[in-house]
Each structure stands twice: as C-alpha cells, then as structure tokens.
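# Coordinate analysis (summary)
Each chain is listed here by its residues.
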Amino acid sequence: MNLEQLRRRRVERLKLEKTVPSISDYALVRRQFQIFEHALKKFKSDVGLWIRYIQVAKREGARSLVGRITARALQLHPRTPALYIIAASLELNHMSPSAARALLQRGLSVDMWREYVRMELGFVEGMKRRWTVLGIHE
C-alpha cells in the first residue's frame, strides 16, 4: 500500500517537473481499489475490511468514492456503530453538520448516544470559538 507514497517521494527527490497526469499517476491507486472491491465481493461481512478500504480511499483523496463505500457498508452493516461514526465524521469534515447529525440519529438504535453527544458538544464548541473570533458575545 505504500508503493504510491514511495513513487511520490521519488518524484519529489529527483525534482522531476510536473507534466500532464499519466497512467502511472493513478494506476497503483486504482489497482488498490480494485483489489479491495474483489475482496469485498468475497468477504462482505468483514467490517474491518470495509474500514480499511474507507481509510485508504480517504488517504488517496477519493472523496466521492469514500461516500459510496460508507453508504454500501452501512447498508450491509446497519448495526455497526463504527461505520456510523466514520460516516458522520466524514460529513463533519465536509462542513455538513446536519448530515452528520442525521447519520448519528439514524444509528442511535445501536447504542451510540455517547458519540452523538460528543459530536453535538464539538459542534457547539466550534460555534463558540467562531463567536469569540468574530467578537460576538452571548
């Protein structure tokens, strides 16, 4: 999985000029995604594999793919709190607290009250910090 990182470091080290993206710029990453897809076809019940796939896609910057993966994972594993937490954190990172709130509320049947309260408190703290920066007082 680190082969793409090594390739990027090599390009930086050799100070190669950036050109039009070629096949080698995305072939390794695409192959990783294909391997994960094949593995998930065979091992759909492996939640750890889903989480690793989400992490790899997030690390490679495939935002739309991450959304599709989390949606599929939640469809197959609706009773897994970790997937709801990951999906909600992704929504918060995309500045969509209402979507994160909806995801966590949907997962509350899975005993996720603690994570829901933590997300709400984090949102309130962020609002307070913005208010102090803007000079707005309660």
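Residues numbered from 1 in each chain as written. Predicted model: local features only at pLDDT ≥ 70, side-chain atom pairs only at ≥ 80, totals over all residues. Heavy atoms only, no water.

## Overview of the overall build of the protein chain
Scanning the protein chain for helices and strands turns up seven helices and zero strands. Moving toward the C terminus, one meets the helices and strands of the protein chain in the order α-α-α-α-α-α-α. Against the 2.2 N^0.38 benchmark of 14 Å for 138 residues, the protein chain shows a C-alpha radius of gyration of 19 Å, more extended than a compact globule. Relative to its full complement of 138 residues, the protein chain shows a buried share of 30%. Counting contacts in the protein chain only where the partners sit at least 6 residues apart, residues at least 24 apart contribute 43% of the total. For the protein chain, the computed accessible surface area is about 10000 Å², with 57% contributed by carbon and sulfur atoms. Counting 26 positive and 13 negative side-chain charges, the protein chain places the averaged centre of each group 5 Å from the other. (Helix = DSSP H or I, 4+ residues; strand = E, 2+ residues; numbered from the N terminus. Rg over C-alpha atoms; globule rule 2.2 N^0.38 Å. Buried < 20%, exposed > 50% of the residue type's maximum accessible area, 1.4 Å probe, protein only. Contact = heavy atoms within 4.5 Å. Areas by Shrake-Rupley, 256 points an atom, 1.4 Å probe, with all protein chains shown as cover. Lys, Arg positive; Asp, Glu negative; His and termini not counted. Charge placed at Lys NZ, Arg CZ, Asp CG, Glu CD.)

## Topic: the environment of Ala82
Among the structural elements, Ala82 can be located in helix α5 (residues 81-93). Using a relative accessible area of 31% as the deciding quantity, one classes Ala82 as partly exposed. In the structure, Ala82 is positioned 35 residues away from Val117 in sequence and 15 Å away in space, judged by C-alpha atoms.

## Some thoughts on the packing of aromatic side chains
Scanning the model with the defined rule gives two aromatic pairs in all. Here Phe33 and Tyr53 contribute two aromatic rings whose centre-to-centre distance is 6.1 Å and whose plane-to-plane angle is 55 degrees, an arrangement assigned as tilted. Here Phe33, found in helix α2 (residues 23-42), pairs with Tyr53, found in helix α3 (residues 47-59); they are 20 residues apart in sequence, far enough to count as distant. According to the relative accessible area criterion, Tyr53 is buried, its value standing at 1%. When the ring of Phe36 is compared with that of Tyr53, the centres are 4.9 Å apart and the planes differ by 10 degrees; the resulting orientation is stacked. Of the two residues, Phe36 sits in helix α2 while Tyr53 sits in helix α3, which places them 17 residues apart along the sequence. A network of ring pairs unites the aromatic residues Phe33, Phe36 and Tyr53 as a single cluster. The ring centre of Phe123 lies 5.6 Å from the NZ or CZ of Arg101, which sits over that ring. (Phe/Tyr/Trp six-rings, centres within 6.5 Å; stacked < 30°, edge-to-face > 60°. Lys NZ or Arg CZ within 6 Å of the ring centre and 35° of its normal.)

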